[in-house]
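Chain residues, written in single-letter form:
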Amino acid sequence: AQTVTQSQPEMSVQEAETVTLSCTYDTSESNYYLFWYKQPPSRQMILVIRQEAYKQQNATENRFSVNFQKAAKSFSLKISDSQLGDTAMYFCAFMKGGPGNQFYFGTGTSLTVIP
Amino acid sequence: DVKVTQSSRYLVKRTGEKVFLECVQDMDHENMFWYRQDPGLGLRLIYFSYDVKMKEKGDIPEGYSVSREKKERFSLILESASTNQTSMYLCASTQGGTSGVHNEQFFGPGTRLTVL
């Protein structure tokens, strides 16, 4: 079975600062994919960034980047130059390879960006 | 862009009522999912479907059933609503085939259900 752990239920960051959200996972699979999703208050869940486990290079999307440590089974999200619009719940998700596309989600981290 | 819609944003029902939550996606996705989201528990998978008329139980199927008569529509049914089913319900879809990094799930806006 796959498990995803987000150990920080709530975090806050000053506008324009950098924040890192942690995520660890447990799996015996060798082929898998990792994602971070963002759920703004009362708004739809959207994909922030994705990472293939077989790629050593960390994914980046504008101000968002990940630190993927495969051996440690860690997949943290770094948000640089935080903006008020980054205030949201962030979920880490795991998908194993093969048919099905089934996701396993963490419990989420509520991030507040303070003006 | 993929669009996933859910029939209601807010719903209030009484204990014992039969409740239907509907989800429609417009990108010909093969896979559809129903989750419930509760504070501190994240997203928990209720049911999913890989094809029309096919369904698989997720982690918390008790008290729920689903129906998928058409590819684009996936319904969640609460046969007899109870207060512990008060929650946010999220629908998601993804293209079929072998999992890949581009097989992300696309979510609907959610239905906040309150059972009194």
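Located above this text is the structure these notes cover.
Thresholds applied
Residues numbered from 1 in each chain as written. Chains lettered and ligands numbered in written order. Predicted model: local features only at pLDDT ≥ 70, side-chain atom pairs only at ≥ 80, totals over all residues. Heavy atoms only, no water. Helix = DSSP H or I, 4+ residues; strand = E, 2+ residues; numbered from the N terminus. Rg over C-alpha atoms; globule rule 2.2 N^0.38 Å. Buried < 20%, exposed > 50% of the residue type's maximum accessible area, 1.4 Å probe, protein only. Contact = heavy atoms within 4.5 Å. Areas by Shrake-Rupley, 256 points an atom, 1.4 Å probe, with all protein chains shown as cover. Lys, Arg positive; Asp, Glu negative; His and termini not counted. Charge placed at Lys NZ, Arg CZ, Asp CG, Glu CD. Buried area = accessible area lost by both parts, 1.4 Å probe. Salt bridge = Lys/Arg side-chain N within 4 Å of Asp/Glu carboxyl O. Polar contact = N/O pair within 3.5 Å; in protein donor to acceptor, adjacent residues only side chain to side chain. Nonpolar A, V, L, I, M, F, W, Y, C, P; charged D, E, K, R; others polar. Disulfide = S-S within 2.5 Å. Pairing = 2+ DSSP bridges. Axes fitted to C-alpha atoms, helices over the stretch in contact; angles between N-to-C directions. Phe/Tyr/Trp six-rings, centres within 6.5 Å; stacked < 30°, edge-to-face > 60°.

Undergrad: How would you summarise the overall build of chain B if you had to cite specific residues and measurements?
TA: In terms of regular secondary structure, chain B is built from zero helices and 12 strands. In terms of overall size, chain B behaves like a compact globule, its C-alpha atoms giving a radius of gyration of 14 Å where 116 residues would be expected to give roughly 13 Å. Taken over the C-alpha atoms alone, chain B extends approximately 40 × 30 × 25 Å along its principal axes. Among the 116 residues that make up chain B, the fraction classed as buried is 51%. Excluding contacts between residues fewer than 6 apart, the proportion of contacts in chain B whose partners are at least 24 apart in sequence is 56%. As presented, chain B carries roughly 5600 Å² of accessible surface, and 49% of it is formed by carbon and sulfur atoms. Within chain B, the 15 negative side-chain charges are centred at a point lying 7 Å from the centre of the 15 positive side-chain charges.

Undergrad: Just give me the short version of the interface of chain A and chain B, but keep the residues and values in it.
TA: Counting residues at the interface gives 24 residues for chain A and 29 residues for chain B. Contact between chain A and chain B buries roughly 2000 Å² in total, counting both sides, with carbon and sulfur atoms accounting for 53%. Three residues, Gln44(A), Arg50(A) and Asn101(A), lead the burial of chain A against chain B; their summed loss comes to 26% of the area buried on that side. For the pair chain A and chain B, the interface holds one salt bridge. Residue Arg50(A) is joined to Glu104(B) by a salt bridge in which the shortest nitrogen-to-oxygen separation is 2.7 Å. Joining chain A to chain B, the criterion identifies five residue pairs in polar contact (both at pLDDT 80 or more). Of all the secondary-structure elements, those providing two or more residues to the side of chain A that touches chain B are strand E5 (32-39), strand E6 (46-52), strand E10 (88-96), strand E11 (98-99) and strand E12 (103-105) of chain A. Counted by class, the side of chain A that touches chain B contains 10 nonpolar, 11 polar and three charged residues.

Undergrad: So what's going on with the pattern of salt bridges? Which residues, and what values?
TA: This model, assessed by the stated rule, comprises 10 salt bridges over all chains. Put simply, Lys73(A) and Asp26(A) hold a salt bridge, and the shortest N to O gap is 3.6 Å. Here Lys73(A), found in the loop between strand E8 (64-69) and strand E9 (74-79), pairs with Asp26(A), found in strand E4 (residues 24-26); they are 47 residues apart in sequence, far enough to count as distant. Lys73(A) sits in the partly exposed class, given a relative accessible area of 26%. Salt-bridge contacts for Arg36(B) lead to Asp38(B); the nearest nitrogen and oxygen are separated by 2.8 Å. Across this residue pair, the class does not change: Arg36(B) and Asp38(B) are buried. Among the ionic contacts, a cluster of salt bridges with common partners joins Arg36(B), Asp38(B) and Arg44(B).

Undergrad: Go over the state of the cysteines with me, naming the residues and quoting the values.
TA: The full count for this structure, using the stated rule, is two disulfides over all chains. The disulfide bridge from Cys23(A) ends at Cys92(A), spanning 2.0 Å between sulfur atoms. Since a negative S-S torsion denotes a left-handed disulfide, the Cys23(A)-Cys92(A) link at about -70 degrees is left-handed. Separated by 69 residues along the polypeptide, Cys23(A) in the loop between strand E3 (19-21) and E4 and Cys92(A) in strand E10 bring together distant segments of the chain. Residue Cys92(A) is classed as buried on the basis of its relative accessible area of 1%. The partner cysteine of Cys23(B) in its disulfide is Cys91(B), sulfur to sulfur 1.9 Å. The disulfide joining Cys23(B) to Cys91(B) has a torsion of about -75 degrees about its S-S bond and is therefore left-handed. You can see Cys23(B) sitting in strand E3 (residues 19-25) and its partner Cys91(B) sitting in strand E9 (residues 87-94), a full 68 residues away along the chain. By relative accessible area, Cys91(B) is classed as buried at 0%.

Undergrad: Lay out the sheet that holds strand E7 (residues 64-70) of chain B in plain terms, naming residues and giving numbers.
TA: All names here are of chain B. Taken in spatial order, the four strands of this open sheet run E1-E3-E8-E7, and their pairing is antiparallel. Of all strands in the sheet, those with a lone pairing partner are strand E1 (4-6) and E7, marking the two edges. This sheet shows a mean twist of 20 degrees between the axes of neighbouring strands, independent of strand direction.

Undergrad: Lay out the packing of aromatic side chains with the relevant residues and their values.
TA: Considering all chains together, one arrives at 19 aromatic pairs over all chains under this definition. Among the aromatic side chains, those forming a connected cluster through ring pairs are Phe35(A), Tyr37(A), Phe103(A), Phe105(A), Phe33(B), Tyr35(B), Phe48(B), Tyr50(B) and Phe107(B).

None of the figures reported here should be taken as evidence of function without further support.
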